[in-house]
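Structure assessment
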Amino acid sequence: MQKPGCPAGAQFRSRVTGNCDQRTSAGAQIKQRTAVQRSKSTSLTSSPESVRKLQPRPSDKLNPKTINPFGEQSRVPSAFAAIYSKGGIPCRLVHGSVKHRLQWDCPPENLPFDPLLITLAEGLRETKHPYTFVSKEGFRELLLVNGAPEKAVPLLPRLIPVLKAALVHSDDEVFERGLTALVQLSVVIGPSLNDHLKHLLTSLSKRLMDKKFKEPITSALQKLEQHGGSGSLIIIKSKIPTYCSVCG
């Protein structure tokens, strides 16, 4: 039924006009909300707090690649990280203003090398702080105690594969820590390392082709020769023919 005095065409035009007005109003509201959201996003990005988060902290220089306890990688910790977090490494990291140091729960000379020395060697493959420092410094300090040669030599069959894993690692810093640990071990046990040396020299030979490692590897080979005696030179030359002896 049509209302009196109101033609059907006028009613239709009224409904169409009303629908258009509603769509125009809804579109305006959406544009307004979008503009507000963009304004909030811009203000958050340019706020002083967000700027501070983007800027590096001074401590980042002292602790590079620091572990993030809330990060994705912390959900599946490595074997060394798990042992360290449970107190399996009897020392703790003491942060200093210039450099860090380790504080042992008891004198290192009273600690058993098995399995502590091997565990610390496994930690050389870590890439996050504090694990990198604890493993590197702990390995070094443990080899400095009285009686270290007698304690370390029996562990060589298990220790050498762990050091080799660090020497073949793709991370350059891991390789450097493994190379340093190898030299430290050579200083302590001397010729006892010769029987296992051939298993480690292949990775050194490959890395020697990289110019940035030529000098540190050559220096390490010289120290291996000095502490390993004439027997070590024969082994080194068999794997790295270009090596020149420093012992005459």
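Residues numbered from 1 in each chain as written. Predicted model: local features only at pLDDT ≥ 70, side-chain atom pairs only at ≥ 80, totals over all residues. Heavy atoms only, no water.

**Digging into the side chain of Ser-232**
Inclusion rule: Under the scheme used here, helices are H or I runs from DSSP no shorter than 4 residues and strands are E runs no shorter than 2 residues, and both carry numbers assigned from the N terminus. Any pair of nitrogen or oxygen atoms within 3.5 Å is treated as a polar contact; in protein, a donor-acceptor pairing is required on top of that, and neighbouring residues in sequence qualify only through side-chain atoms on both sides. Any two residues whose heavy atoms approach within 4.5 Å at even a single point are treated as in contact.
Counting through the fold element by element, Ser-232 comes out in helix 12 (residues 230-239). Among the polar contacts made by the side chain of Ser-232, one reaches the main-chain carbonyl oxygen of Glu-225 at a distance of 3.4 Å. If sequence neighbours within four positions are ignored, Ser-232 has contacts with Asn-194, Leu-197, Leu-224 and Glu-225.

**Thoughts on the nonpolar core**
Nonpolar side chains in soluble globular proteins tend to end up buried together. Condition: We call a set of buried Ala, Val, Leu, Ile, Met, Phe, Trp, Tyr and Cys residues a nonpolar core when their side-chain atoms join them within 4.5 Å. Each residue's exposure class comes from its accessible area (1.4 Å probe, protein chains only) as a fraction of the maximum for that residue type: buried when under 20%, exposed when over 50%, partly exposed otherwise.
Formed by 55 residues in total, the largest nonpolar core has its most connected members in Phe-113, Leu-117, Leu-159, Leu-185, Leu-204 and Leu-221. Per-element tally for this core: the top contributor is helix 9 (residues 172-189), with eight residues. Apart from the residues lying within four places of it in its own chain, the contact partners of Phe-113 are Ile-118, Leu-142, Leu-143, Val-145, Ala-148, Lys-151, Ala-152 and Leu-155.

**Looking at helix 5 (residues 113-122)**
Most of helix 5 sits out of view: seven of its ten residues are buried. Those residues of helix 5 that sit buried are Phe-113, Leu-116, Leu-117, Ile-118, Thr-119, Leu-120 and Ala-121. Those residues of helix 5 hidden inside the fold are in contact with helix 4 (79-85), strand 2 (101-104), helix 6 (131-142), helix 7 (148-152) and helix 8 (156-167).

**What about the pattern of salt bridges?**
This is how the line gets drawn: Here, a salt bridge means any Lys or Arg side-chain nitrogen found within 4 Å of an Asp or Glu carboxyl oxygen.
Applying the stated criterion across every chain yields a total of four salt bridges. In this structure, Asp-114 and Arg-158 form a salt bridge, with 2.9 Å as the shortest nitrogen-oxygen distance. Here Asp-114 is found in helix 5, whereas its partner Arg-158 is found in helix 8, with 44 residues between them in sequence. In this structure Asp-114 comes out as partly exposed when scored by relative accessible area, which is 41%. For Arg-158, a relative accessible area of 41% corresponds to the partly exposed category. For Lys-212, the salt bridge identified is with Asp-172, shortest N-O distance 2.6 Å. Pair noted here: Lys-212 is in helix 11 (residues 211-228) and Asp-172 is in helix 9, with a separation of 40 residues, a long-range link. Among the charged side chains, a network of salt bridges with common partners joins Asp-172, Arg-207 and Lys-212.

**Regarding the packing of aromatic side chains**
To be explicit about the condition: To pair, rings of Phe, Tyr and Trp, with the six-membered ring standing in for Trp, must have centres within 6.5 Å; the planes then decide the type, stacked if under 30 degrees apart, edge-to-face if over 60, and tilted in the middle.
Per the stated rule, a full pass over the model turns up four aromatic pairs. Ring geometry for Phe-80 and Tyr-131: centres 6.3 Å apart, planes at 85°, overall edge-to-face. One end of the pair, Phe-80, is in helix 4; the other, Tyr-131, is in helix 6, and 51 residues separate them in sequence. A residue is classified by how much of its surface remains accessible, and Tyr-131, at 13% relative accessible area, is buried. Members of the aromatic cluster, joined through ring pairs, are Phe-80, Tyr-84 and Tyr-131.

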